[in-house]
Amino acid sequence: MLPVTDHVVQIENIRKVFRVGFWGRRVTAVDQLSLDVRRGEVFGFLGPNGAGKTTTLKMLMGLIYPTSGQAKIFGHLVGDPAAKAKLGFLPESPYFYDYLTSREFLNFYGHLFGLWGVRLNKRVDELLELVGMSHAKDLQLRKFSKGMLQRVGIAQALINDPELVVLDEPMSGLDPIGRKEVRDLIFRLKESGKTVMFSSHILHDAELLCDRVAMIMKGRLVACGQVSELIQQGATQEVEMVIDRLSPEGLEHLRVLATKVVLNGERVMVVLSNQRQVDESLEVIRAAHAKLVSLTPHKASLEDLFIREANGVQSPVEARV
Amino acid sequence: MKVLSIALNTFRENLRDKLLYNLLVFALLLIGSSLLLMRLTLGEFHRLLLDVGLGSINIFGVLIAIFVGIGLVNKEIEKKTIYTIVSKPVARYQFLVGKYLGLTLTLLVNTLIMAGGLLLVLFAQAVPIESMLFKALGLIFMEFMVITAVALLYSTFTSATLSAIFTLATYVIGHLTADLKTFGEKMDEGMRAVVTGLYYILPNLERFNLKGNVIHHIEVPGTDLLLIVVYGLTYVAFLLMAASLIFQRRDFR
Ligand SMILES: Nc1ncnc2c1ncn2[C@@H]1O[C@H](COP(=O)(O)OP(=O)(O)O)[C@@H](O)[C@H]1O
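Given the structure is predicted, the values throughout are model-derived calculations rather than measurements.

1. A look at the site of the ligand
- Looking at the ligand, the residues that line it are Phe18(A), Val20(A), Ala29(A), Pro48(A), Asn49(A), Gly50(A), Ala51(A), Gly52(A), Lys53(A), Thr54(A), Thr55(A) and Arg253(B).
- The ligand is flanked by residues contributed from chains A and B.
- At 3.1 Å from an oxygen atom of the ligand is found a main-chain nitrogen or oxygen belonging to Ala51(A).
- Coverage of the ligand by the protein amounts to 70% of the 550 Å² it exposes when considered alone.
- It is helix α1 (residues 53-60) of chain A that provides the largest number of residues to the shell around the ligand, a total of three residues.
- Residues belonging to the shell around the ligand are distributed by class as follows: five nonpolar, five polar and two charged.

2. Looking at the pairing of strand β9 (residues 212-217) of chain A
All names here are of chain A.
- In terms of residue burial, β9 counts as a mostly covered element, since six of its six residues are buried.
- Side chains Arg-212, Ala-214 and Ile-216 project from β9 onto one buried face, and the interleaved Val-213, Met-215 and Met-217 project onto a second face that is buried too.
- In this sheet, β9 lies alongside strand β3 (residues 42-46) in parallel orientation, the contact comprising four bridges. Its bridge partner lying in β9, Phe-43 is registered against Arg-212.
- Where β9 folds back on strand β10 (residues 220-226), the antiparallel hairpin that results is connected by two residues, among which Lys-218 adopts a positive phi of roughly 50 degrees.

3. A short note on the pairing of strand β11 (residues 239-244) of chain A
All names here are of chain A.
- For β11, a buried count of five out of six residues is recorded, marking the element as mostly surrounded by other parts of the structure.
- As judged from the five bridges shared by β11 and strand β13 (residues 267-272), these two strands associate in the antiparallel manner. Within the sheet, the bridge partner assigned to Met-241 lies in β13 and is Val-270.
- Strand direction decides the pairing type here: β11 and strand β14 (residues 291-297), joined by six bridges, are antiparallel. Bridge pairing links Asp-244 to Lys-291 in β14.

4. Comments concerning a nonpolar patch on the surface
- On the surface, Trp116(A), Met1(B), Leu4(B), Leu8(B), Leu105(B), Leu108(B) and Leu112(B) cluster together to form a nonpolar patch covering roughly 690 Å² of accessible area.
- Listed by contribution, the elements that provide at least two residues to the nonpolar patch are α1 (2-15) and α5 (92-124) of chain B.
- Sorting elements by how many residues they give to the nonpolar patch places α5(B) first, with three residues.
- In this fold, Leu105(B) is placed in helix α5.
- On the accessibility criterion, Leu105(B) (33% relative accessible area) is partly exposed.

Rules used throughout
- Residues numbered from 1 in each chain as written.
- Chains lettered and ligands numbered in written order.
- Predicted model: local features only at pLDDT ≥ 70, side-chain atom pairs only at ≥ 80, totals over all residues.
- Heavy atoms only, no water.
- Near = heavy atom within 4 Å.
- Polar contact = N/O pair within 3.5 Å; in protein donor to acceptor, adjacent residues only side chain to side chain.
- Areas by Shrake-Rupley, 256 points an atom, 1.4 Å probe, with all protein chains shown as cover.
- Helix = DSSP H or I, 4+ residues; strand = E, 2+ residues; numbered from the N terminus.
- Nonpolar A, V, L, I, M, F, W, Y, C, P; charged D, E, K, R; others polar.
- Buried < 20%, exposed > 50% of the residue type's maximum accessible area, 1.4 Å probe, protein only.
- Pairing = 2+ DSSP bridges.
- Patch = residues over 30% accessible without salt bridge, like charges linked within 9 Å, V, L, I, M, F, W, Y side chains within 5 Å.
- Salt bridge = Lys/Arg side-chain N within 4 Å of Asp/Glu carboxyl O.

Listed below in structure tokens is the structure:
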């Protein structure tokens, strides 16, 4: 019997230490990471380059073995064929077999799932249609652009109609149109009831797409939850104020008061971090008979959280043993 | 079925790879021209034709086995194609065996082409063709199978360049194992153990060499042939098992 679980992916205290170089120096790529991905959600796995995203995904796919900890997919330990049967994976910037056409390429992956004949042909046609590559069915992959490879790569990940789709940096290296297409595709997968987990260092994509995100830095989890929650959490609601005709005394006053002041000829732009600063600034403006041009609340984004966390995390990752 | 798909896919990739054709054309040109030129310069040319012909097929086959073979695993890791295969319900040993069979198929086709070339030259030079020649060609192919498995084993744990060097070394030493044994007997205790160990571990590739029999018209009993084939297949099986064990534990990074 299959274990009943709503957690499609469960990662428990997973850790990966690489030995690099001649002396076998230890590098901790992933450190005591725990998180889970729930059925039907789009889960963003975020972090700067070198944070350990790829390493984590490779452990999930059974490509590398964790130093300690474990991970389960659909309740099966990673690497179990039963888990792999319901899984689709797209590696980061893949190249694939140069001399195969996209149709042959997808046929091959179909065979690995025991798909043959008419059923497979139909599936391959559907997938090439889905990723917008029907026109290049009989073209060898070495003639493909990066964006086209990415698309057949995604088709490859979907060949078995998987319940969980894992994509490593699916949007990196693509132009804005390509990125939008991948985003649309992920939306469509979600609509058809699939669970999608993807890694990215581009936060904007995640903000638009994800139900939940996890953010890792230097191999450690620093935040995990709904995008809206994370953005609110401890975010300073900044306000940007643009002022004209400000007297020198007024300017001096604001310099003391504001978080940031930028001069642009006659125009002054100030950034304020809290309500008190806003109130006092307004009084200064009124007293100086200056003109308030605009007052804009600065919308918090994942980017802010990211930068805040990046400043916070300074734990040493590399240890000589 | 999965193993077969991987094998056929590998074969198809190989067939479309220009490197292979270049090697093959080069081999045919070299074998052909040297055999044709020989007539003008040497007297006892029937013997030499067979000797050089079989020898060249052997060397070029081994070169093809090494050049295409070492790339098998390393290229897949480099290009990350293995990521997509191993994340599907395919066991790592299935991948390895599939790759091996695919390359073996490629080598079979190559051997047939080279053998065809040799037969043409022999025919043109009116050299009588005996059944022994086909047995010799068969065993040359058996040797390719062993060398390919050796290359595969090395490439599961070292880089492409190192695997090539190790495989080439294994090929050379594999043809000298008899000498290795006599050499070992002249050594002191410790070295003798090492050399004797090597003698038993390394493949005895001379067993697959029937060149002398072809040239001097010496028959080989059927049971001997069978034993040699069984030896070759067993050796391949052990190599593949060792390669699978290493491959299973390896991180793809
Ligand atoms: N094969 C490897 N050998 C040694 N160190 C590695 C290897 N792969 C990744 N690392 C290290 O692990 C860390 C995380 O890398 P990675 O998982 O690729 O990050 P990301 O995908 O988030 O960019 C980096 O510091 C990187 O140097």
